[in-house]
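Below are the chains, spelled out letter by letter.
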Amino acid sequence: MTIRLKRRPVGWRRWLVASAAGCAVLGGVLVLLPGSPGELWARGPAAAPAPGPARLAHDAVAAGVPAALPDLAVLIGDREARVRARPLDARNWAVLGAAYVEQGRRTADPARFPQAERALRTALRLAESPAALEGLAALAVARRDFPGAARWGERARRLAPGRWTTQAVLIDAYTGLGDHKAVGRALERLVELRPGTAAVRARKAAVYRDRGWREDAVAQITDAVATATAPAERAAYLEQAGRLAFERGEREEALRYFQEALRTDPDQRAAQAGQGRALAALGRTSEALTAYQAALDRQPRPEDALELGELYESLGLGRAARVQYGLLRERVRAAAAGGADEELVLGRFEAEHGDAATAVRRLRAEWRRQPSTAVADALGWALYRAGRAREALGYAVRATDGERGGGVRSAAYVYHRGAIERELGRYGAARRHLQEALRISPWFSPRDAPRVREALAELGEPSVEGPPSG
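What you see is a predicted model; the values in this text were computed from it and never measured.

A. Local environment of unusual backbone geometry. Of note in this structure, Ala108 is not a glycine but carries a positive phi near 55°. Mapped onto the secondary structure, Ala108 falls in the loop between helix H5 (90-107) and helix H6 (112-126). We classify Ala108 as buried; its relative accessible area is 18%. A positive phi angle is found at Arg144, which is not glycine, with a value near 60°. By the element assignment, Arg144 lies in the loop between helix H7 (130-142) and helix H8 (146-159).

As structure tokens, then:
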């Protein structure tokens, strides 16, 4: 006897395929959360957090502005509970990923970045959304992967051209790539989409600073501080204002900004490192060391370890400096494990305190990948330290020539150019640039500012005699 199987309707087969696909995604997303899938379902959704802090952090993350760390922790707990309860909700995964990015950035904890990437890629698999794409762009910026940031950001922009926060992330990406024309276009679009907000003013200040428009940058960041409402956001802008003041050589004003930032948000550790910088410039060395160490205890950024190590060196405390350089290497390794690129700071360290040839190799690779002004300066200095001053000069000029993108008025960059020119026997240009470094800021570095003065003393005054007669 022949048994005929009843044919299933086409719609039933489609439902089966969709269910299988959903189960595959579900199986994939569950492994992203702490605990096994069985444990997750046994526990069930976590208790809903208090709406206030979670809402504040959610709004800050959605607007691309700094969020308070306690609020971020609440938001993360809330969204982890939501994705356990509804693991196919792409929006919750996108918010969770963006919150991980912000927490990793605020705490300098690169271990958060792989978690952020898994959450954001899960959101993207579930539904292509500008929020997930923008989150991946912000993650790439935090990892200093500026080519990746540009790719994700441009994809988000194509999907949602009117989303202003995407333009803000693209400004960071293009800055890291040294594409100053693209930065200008993104800023123009950002201002069109969201004029007058504190976040936009802070972005304008950063771009104006990079172009050397110092007064305009100060005006914008002052307005951003005045109009910001959330403490974490206001503290971030105060820290930015402090950096601008310090770059202008205004030590007392910089210190006031950094102190106010810490009063506004005690978790603003970048301001604590800035406080150490300003105190060192004021000669209050013991206080400076304490401020730097407090910053590194809570936010161990490799660039701050390098600064503190060089401060110890300027005081003749070589052993203490080596401890900080060890911390720098440790943090760079941790960053690499989290997918972050710290080749720039490592190259700067190697050029001064390690193997200059290694610094050149690292920074050449960085230049090929993302040729920013900061990398141009670092590569030029590494080449100089490696005994290749003629080649170094081209990069130093690029870092300091406004026509070629190096518009930022940096005492360190100009000092590097002057030292390279002096090595090449271009004494007039060297004298001009070394003097300019001290005009920009006489206290830009406790180690390098005295070097500038020594170099100028050795160069002496320019000759007033005319050329010899024939």
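B. Seen up close, the packing of helix H12 (residues 214-227) against helix H13 (residues 231-247). Contact geometry of H12 with H13 gives a least axis separation of 9 Å together with a crossing angle of 155°. With respect to H13, the axis of H12 lies roughly antiparallel. By crossing handedness, the relation of H12 to H13 is classed as left-handed. The segment H12 lies against H13, with Ala217, Val218, Ile221, Ala224 and Val225 engaging Arg234, Tyr237, Leu238, Gln240, Ala241 and Leu244. Classifying every residue of the contact of H12 with H13 by side-chain character gives 9 nonpolar, 1 polar and 1 charged.

C. A look at the pattern of salt bridges. Scanning the entire structure with this criterion turns up 40 salt bridges. Close ionic contact of Arg105 with Glu102 constitutes a salt bridge, the shortest N to O distance being 3.0 Å. Residue Arg105 and its partner Glu102 are located together in helix H5, separated by 3 residues, close to a single helical turn. Its relative accessible area of 9% is what places Glu102 among the buried residues. With its nearest N and O atoms 3.1 Å apart, the salt bridge here joins Arg329 to Glu350. With Arg329 in helix H18 (residues 318-337) and Glu350 in helix H19 (residues 343-353), the pair connects residues that are 21 residues apart, well separated along the chain. For Glu350, a relative accessible area of 7% corresponds to the buried category.

Parameters at a glance
- Residues numbered from 1 in each chain as written.
- Predicted model: local features only at pLDDT ≥ 70, side-chain atom pairs only at ≥ 80, totals over all residues.
- Heavy atoms only, no water.
- Helix = DSSP H or I, 4+ residues; strand = E, 2+ residues; numbered from the N terminus.
- Buried < 20%, exposed > 50% of the residue type's maximum accessible area, 1.4 Å probe, protein only.
- Axes fitted to C-alpha atoms, helices over the stretch in contact; angles between N-to-C directions.
- Parallel < 35°, antiparallel > 145°, perpendicular 65-115°, else oblique.
- Left-handed = near helix turned anticlockwise from the far one by under 90°.
- Contact = heavy atoms within 4.5 Å.
- Nonpolar A, V, L, I, M, F, W, Y, C, P; charged D, E, K, R; others polar.
- Salt bridge = Lys/Arg side-chain N within 4 Å of Asp/Glu carboxyl O.

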